[in-house]
Amino acid sequence: MTKISMNVNGHSVSRDVEDRTLLVTYIRDHLNLTGTHIGCDTSQCGACVVHVDGKAVKSCTMLAAQADGADITTIEGLAADGVLHPVQAAFKEHHGLQCGFCTPGMIMAAADMIRRHGAKLDEPTIRAELEGNICRCTGYHNIVKAIKAAADEMASAASPASRAAEPAQAVV
Ligand code: FES
Ligand code: FES
């Protein structure tokens, strides 16, 4: 057993784990964060994607001990103060899910995609980068639409023009 510590969704956690424990097993079975799914266990499906130090990682491909000291975000940590993350809101708005099994991994992968490409994220790039995420229900069309909409929305929210349009804070 090895004691590992990490920050998960803004909380410090420490546990003793066997050296062979996968990060996905640690997240689901030790921390009870079951929004991260296991669809294959062989690095194919992407249902297990989480963010490790801000980057999308298939958590079935990594040992928990390798994430010692890391910042981890799972799907449970994406919404802030009860408000859906723009990618979550876009999946809802554009019907980017059916059974929902692949959705946590899709959303975590999409959030990282948008972080890296910003407003330049286009449909061919989204389709190419979704290669590691399998959906057995939707046919991908609405998933791609949702990711593009979220990228546009986040770019526009971050633009100087949009910030200038925000109401001025009252000075007291
Ligand atoms: Fe990790 Fe499928 S469970 S890629
Ligand atoms: Fe069912 Fe993607 S929504 S697997």
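### Focus: the side chain of threonine 138
In step 1: The topology assignment puts threonine 138 in the loop between helix 4 (123-129) and helix 5 (141-158).
In step 2: Threonine 138 sits in the buried class, given a relative accessible area of 16%.
In step 3: A polar atom in the side chain of threonine 138 sits 2.9 Å from the backbone nitrogen of tyrosine 140.
In step 4: Beyond its immediate stretch of four places on either side in the chain, threonine 138 contacts Gly96, Leu97, Gln98 and Ile143.

### Re the pairing of strand 4 (residues 55-58)
In step 1: Pairing between strand 3 (residues 49-52) and strand 4: four bridges, direction antiparallel. Its bridge partner lying in strand 4, valine 52 is registered against lysine 55.
In step 2: Taking the residues that link successive antiparallel strands as the turn, the strand 3-strand 4 hairpin has two residues, and the phi of aspartate 53 there is positive, at about 50 degrees.

### Structural notes on the pattern of salt bridges
In step 1: Scanning all chains against the criterion turns up six salt bridges.
In step 2: Close ionic contact of glutamate 18 with arginine 20 constitutes a salt bridge, the shortest N to O distance being 3.0 Å.
In step 3: Of the charged contacts in the structure, one is a salt bridge between glutamate 123 and arginine 127, with a shortest N-O distance of 3.0 Å. You can see glutamate 123 and its partner arginine 127 sitting in helix 4, four residues apart, about one turn around the helix.
In step 4: Judged by its relative accessible area of 42%, glutamate 123 is partly exposed.

### Focus on the environment of alanine 119
In step 1: As for its placement among the helices and strands, alanine 119 is situated in the loop between helix 3 (103-117) and helix 4.
In step 2: With 29 residues separating them in the primary sequence, alanine 119 and lysine 148 have C-alpha atoms 8.9 Å apart.
In step 3: Setting aside chain neighbours within four positions, we find alanine 119 in contact with Lys148 and Ala155.

### Examining the sheet that holds strand 3
Note on sheets: strands pair through backbone hydrogen bonds, and any given pair is parallel or antiparallel.
In step 1: Ordered by their spatial adjacency, five strands build an open sheet running 2-1-5-3-4, and the pairing between neighbours is mixed. Each having just a single partner strand, strand 2 (11-17) and strand 4 make up the two edges of the open sheet. Taking each pair of neighbouring strands and ignoring which way they run, the sheet shows an average axis angle of 40 degrees.
In step 2: Docked against the sheet, helix 1 (residues 23-30) engages strand 1 (2-8), strand 2, strand 3 and strand 5 (71-73), running at close to 105 degrees with respect to strand 2.
In step 3: Against the sheet, helix 3 engages strand 3, strand 4 and strand 5, with an angle of about 40 degrees to strand 3.

### Comments concerning unusual backbone geometry
In step 1: The phi torsion at asparagine 9 lies on the positive side, around 50 degrees, for a residue other than glycine.
In step 2: Take asparagine 9: it is sitting in the loop between strand 1 and strand 2.
In step 3: For histidine 95, which is not glycine, the phi torsion reads 55 degrees and is therefore positive.

### A short note on the pairing of strand 1
In step 1: Looking at chain direction, strand 1 and strand 2 are connected through seven bridges and run antiparallel. Looking at strand 2, one finds that serine 5 is bridged to serine 14.
In step 2: Pairing of strand 1 with strand 5 involves two bridges; the strand directions are parallel. Bridging across to strand 5, asparagine 7 finds its partner in aspartate 71.

Rules behind the numbers
- Residues numbered from 1 in each chain as written.
- Chains lettered and ligands numbered in written order.
- Predicted model: local features only at pLDDT ≥ 70, side-chain atom pairs only at ≥ 80, totals over all residues.
- Heavy atoms only, no water.
- Helix = DSSP H or I, 4+ residues; strand = E, 2+ residues; numbered from the N terminus.
- Buried < 20%, exposed > 50% of the residue type's maximum accessible area, 1.4 Å probe, protein only.
- Polar contact = N/O pair within 3.5 Å; in protein donor to acceptor, adjacent residues only side chain to side chain.
- Contact = heavy atoms within 4.5 Å.
- Pairing = 2+ DSSP bridges.
- Salt bridge = Lys/Arg side-chain N within 4 Å of Asp/Glu carboxyl O.
- Axes fitted to C-alpha atoms, helices over the stretch in contact; angles between N-to-C directions.

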